[in-house]
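Residue strings, one per chain:
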Amino acid sequence: MICTSFSDVIGFTCHPLSEDGNVAMVETPFSFPDGDAIPIFIERISNQIRFFDDGGLILHLLGRGISLDDHRKTRFIKNLAEPHGVKLNDLGELEIWSDKHTAPTAFANYLSTMLALSSWEAGQEGVSTDTSFFLDEVAFYLRAWKANAELTDGFEYKGVSGQLYKLDFQFDGKAVLAIGSHPTSINAAARKLLDIRASSDNNGLKILIIMDDRADAESAAREGLVFDSLGNVMMMTRLAENAKTPYQPKH
């Protein structure tokens, strides 16, 4: 019967990595665009179960020539992972923890994250705007626009789901989220903001949303209408224009 050979049919295999069987690698048919296997490891510690990549994603991206030498350059990973409850830890591992009852959901969320990252990578072929460079541009223009306003790294906000999300900057009393032109980035930003806005704890939160409209102004304008209910939307071209004119505070 097909059920007896189900794992062979779909390409899922579990390989124990420790003598006690508490650490294992899961082999799947899923892969990154260049053919590298998507890393999936599982570890049981007491009553907790952890799904993680053992740093495999970072090593894969470095091998593809993607620079990840500071926290801003890894922000796109967090933006795609956090809506699924997956964290990038201090060791550079993607991980999600659960108990045995919620392990199936945790595994689905982990796999969804890795597939989203694989999709992001596939969509980067031929894309000239680097995510970290875009954030640097936004920071530069914000400083030029309001030189006396405080600009710091973004704060964390809890969504109605209980998930914590870190926005890109804190500027002039507002949280700032910079959104690139890639559809995956737009979708991840929408999920993040919807969750944040749904929490009553964030009722007074002011959010400035910077959208990159330089590649396709018409498409960005359409997306901006959707984000308009979630914060104050400003197109990147408008921010650049603002930066050319010294800001005059209202009296």
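**Thoughts on the overall build of the protein chain**
Of the regular secondary structure elements, the protein chain holds eight helices and 13 strands. Overall size of the protein chain, expressed as C-alpha extent along the three principal axes, is 75 × 40 × 35 Å. For the protein chain, the residues scored as buried account for 45% of the 251 residues in total. Sequence-distant contacts, at least 24 apart, represent 55% of the contacts inside the protein chain between residues at least 6 apart. Accessible surface for the protein chain amounts to roughly 13600 Å². Of this, 54% is attributable to carbon and sulfur atoms.

**A closer look at the packing of aromatic side chains**
All chains considered together, the criterion is met by six aromatic pairs. Ring geometry for Phe12 against Phe30: centres 6.3 Å apart, planes inclined by 85 degrees, an arrangement best described as edge-to-face. Here the residue Phe12 occupies a position in the loop between helix H1 (6–10) and strand S1 (13–16), and Phe30 occupies one in the loop between strand S2 (23–27) and strand S3 (41–45), the gap between them amounting to 18 residues. Positioned over the ring face of Trp145 is Lys146, at 4.6 Å from the centre of the ring.

**Some words on the sheet that holds strand S13 (residues 232–235)**
Taken together, the five strands give an open sheet; going across it, the order is S7-S10-S11-S12-S13, and neighbouring strands pair in mixed fashion. If you trace the sheet from one side to the other, it starts and ends with strand S7 (151–153) and S13, each paired once. Across the sheet, the mean angle from the axis of one strand to that of its neighbour is 30 degrees, orientation sign disregarded. Here S7 runs beside strand S10 (residues 169–171); their pairing, made up of three bridges, is antiparallel. Bridged to Thr152 within S10 is Gln170. Sheet strands touched by helix H8 (residues 236–244): strand S12 (207–211) and S13. Its angle to S13, the strand with the most contacts, is close to 80 degrees.

Rules used in this analysis
Residues numbered from 1 in each chain as written. Predicted model: local features only at pLDDT ≥ 70, side-chain atom pairs only at ≥ 80, totals over all residues. Heavy atoms only, no water. Helix = DSSP H or I, 4+ residues; strand = E, 2+ residues; numbered from the N terminus. Buried < 20%, exposed > 50% of the residue type's maximum accessible area, 1.4 Å probe, protein only. Contact = heavy atoms within 4.5 Å. Areas by Shrake-Rupley, 256 points an atom, 1.4 Å probe, with all protein chains shown as cover. Phe/Tyr/Trp six-rings, centres within 6.5 Å; stacked < 30°, edge-to-face > 60°. Lys NZ or Arg CZ within 6 Å of the ring centre and 35° of its normal. Pairing = 2+ DSSP bridges. Axes fitted to C-alpha atoms, helices over the stretch in contact; angles between N-to-C directions.

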